[in-house]
Amino acid sequence: MKKITLLLLIFVVSVGYSQVNLEDYEGTTVTAGFEGLGSATVTSDPVNGSNTALEIITAASGQSWQGAETIMQTNMINLTSDLTVSAEVYSTVATSILAKVEDKVNSTAPASADSESHGGTGWETLTFTFNTGEDGSVTANGDYSQIAFFPLWNGGGWDPPVDGLTIYVDDITAVAGATLGGPTCSDGIQNQGETGVDCGGPCSACVSPPSTPAPTPPARNAADVVSIFSDAYTPLTTLVYTDNGGSNMDTYNTNWCAAETTAVMVAGNEINQITGLGCEGIDWQGARFDATNFTHMHIDIYTASPVTDKSFNFKFSNWNGGSAENNAISFSMTNGSDPALDTSGAWISVDLELDSKMPGLRNDLAQFVITSDLGTVWYDNLYLYKEATASVDDNNLLAFNAYPNPTQDSWTIKTNNVSMQAITVYDVLGKQVLSLSPNSSEAEVNATSLKAGLYFAKIKTERGINSIKLIKD
């Protein structure tokens with residue numbers, strides 16, 4: 001009997017060790033809220049303040065499918081034979097919680113979801129079995145880099161969004177999968193999807209910006225454009241990349257959203273890179289403007305992340321003369337929207353007619369907010385404009401011509417009677433190689449010192465900024 005008891009004990013222990021605690025929220029945890037979630041914060045356990053847990057709080061302004069995800073720190077979740085993941089979940093109200101696993105490292109394991117009921121009694125252990133195919137998913141099979149929790153699932157669909165529904169998550173336990181080699185970035189991508197490769201730097205080094213710039217916007221009259229970010233037009237004000245001394249004003253990088261925005265150069269063109277989406281906010285309280293008479297909104301976006309079942313959402317915050325948001329005008333890009341979020345690895349140009357796509361009062365715009373579950377996104381040419389009414393002759397004044405192109409020695413750049421204040425030439429790596437200030441409608445750019453290859457000329461005029469491609473033979 002002792003031998004049998006010992007063998008049973010050994011068996012139970014070995015089975016117990018097949019699942020391990022993969023996340024206790026005590027270390028360097030990467031979490032992100034999405035789809036307008038109120039907040040996703042690693043904070044004190046609501047019962048035992050000496051422990052920490054992931055606090056998830058919903059917002060009425062978000063989508064019903066808002067939630068928060070956790071990216072594994074050391075090992076992926078293995079769901080091949082054992083399809084269960086256990087988590088300690090705290091709630092004081094009875095609710096149903098959907099959990100979804102995804103793989104953004106190899107992008108080979110299919111997304112899978114399962115829901116479990118919570119009795120509202122405080123801390124309860126919920127065990128999710130990923131073979132139910134809930135929310136249109138399939139049975140799990142493979143290693144998963146992250147798990148997301150959705151508090152507004154009602155067992156067969158989504159409850160309406162509400163403010164302040166709060167749950168806590170701790171001690172995610174499952175079979176350990178492959179080791180995550182190198183640092184895991186906020187979007188779960190290492191060196192564009194390679195497993196086990198140390199990217200050799202902070203998370204911003206794990207992703208590569210697009211190799212080509214966004215499409216060049218058309219030349220427009222200055223009075224017809226309000227530009228928030230673009231090399232093509234004069235910006236509405238100077239915005240910085242910090243919280244401006246804690247004020248969170250006039251910045252691309254507010255600290256009330258967890259994502260981080262930095263500027264990067266692509267072929268002589270500056271674009272903004274957002275890592276850790278989630279949520280990012282842009283603020284220009286010092287230059288609030290009335291957009292009532294503007295007809296369209298434009299933004300160019302780029303992501304290397306898979307876009308299937310993902311979203312890219314944005315809104316303008318309208319203050320209506322007050323000191324906080326009065327209303328918002330917004331748009332959500334998904335695989336089924338028009339325009340659609342349907343391209344990975346190429347620029348997507350979004351041009352929306354405001355009255356039909358983003359209706360609402362827009363007499364006092366002060367902020368712009370991006371929410372997405374894509375992790376890392378680049379954007380350029382964020383502006384509003386009035387639909388062009390200029391004549392053909394007026395538009396011809398803004399046309400640039402460069403000849404000969406290709407050239408072996410010099411280019412002549414000419415425009416129809418519009419003075420070029422400055423011409424700056426960049427190579428494909430974004431390095432400035434030439435600059436001149438012609439202050440005329442025609443200029444010669446000497447290329448004899450340049451190597452053969454492709455270049456970009458940024459041309460500044462009193463009507464705005466534009467770019468053209470130049471080729472040196």
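Residues numbered from 1 in each chain as written. Predicted model: local features only at pLDDT ≥ 70, side-chain atom pairs only at ≥ 80, totals over all residues. Heavy atoms only, no water.

An order of E11-E6-E14 is seen for the three strands of this open sheet, with the pairing classed as antiparallel. Both edges of this open sheet fall to strand E11 (142-144) and strand E14 (176-179), since each of them pairs with a single strand only. Strand-to-strand twist in this sheet, taken as the mean axis angle between neighbours without regard to direction, amounts to 45°. Across three bridges, strand E6 (residues 75-79) lies against E11 in antiparallel orientation. The partner of Asn 78 across the bridge, within E11, is Asp 143. (Pairing = 2+ DSSP bridges. Helix = DSSP H or I, 4+ residues; strand = E, 2+ residues; numbered from the N terminus. Axes fitted to C-alpha atoms, helices over the stretch in contact; angles between N-to-C directions.)

This part takes up the environment of Gln 421. Relative to the elements of secondary structure, Gln 421 occurs in strand E27 (residues 420-427). Taking the C-alpha atoms as reference points, Gln 421 and Leu 436, separated by 15 residues in sequence, lie 8.6 Å from one another.

What follows is about the nonpolar core. Within the largest apolar cluster, 37 residues are counted, with the highest numbers of intra-cluster contacts made by Met 297, Phe 314, Phe 316, Tyr 379 and Leu 384. Listed by contribution, the elements that provide at least two residues to this core are strand E15 (225-229), strand E19 (296-302), strand E20 (312-318), strand E21 (327-333), strand E22 (348-353), strand E23 (365-372) and strand E24 (376-385). Here this core gets four residues from one element, more than from any other, and that element is E24. Beyond its immediate stretch of four places on either side in the chain, Met 297 contacts Phe 314, Phe 316, Val 350, Asp 351, Leu 352, Leu 354, Met 358, Phe 368, Leu 382, Tyr 383 and Leu 384. Counting residues in each nonpolar core, the second largest holds 30 residues, with Ile 77, Ile 97, Phe 149 and Ile 167 among its members. (Core = buried A, V, L, I, M, F, W, Y, C linked by side-chain atoms within 4.5 Å. Buried < 20%, exposed > 50% of the residue type's maximum accessible area, 1.4 Å probe, protein only. Contact = heavy atoms within 4.5 Å.)

This brings us to the confidence of the model for the protein. Here the protein shows a mean pLDDT of 83. Residues at 70 or above account for 85%. For residues 1-17, every residue scores under 50 in pLDDT, and the model assigns this stretch zero contacts once sequence neighbours within four places are set aside. Here residues 389-397 is modelled with pLDDT under 50, and outside its nearest four sequence neighbours on either side it reaches seven contacts, counting other chains as well. (pLDDT = per-residue confidence, 0-100.)

A word on the pattern of salt bridges. For the structure shown, the criterion picks out five salt bridges. Of the charged contacts in the structure, one is a salt bridge between Glu 102 and Lys 310, with a shortest N-O distance of 2.9 Å. Of this pair, Glu 102 sits in strand E8 (residues 95-102) while Lys 310 sits in the loop between E19 and E20; the two residues are 208 residues apart in sequence, bridging distant segments of the chain. What makes Lys 310 buried here is its relative accessible area of 8%. (Salt bridge = Lys/Arg side-chain N within 4 Å of Asp/Glu carboxyl O.)

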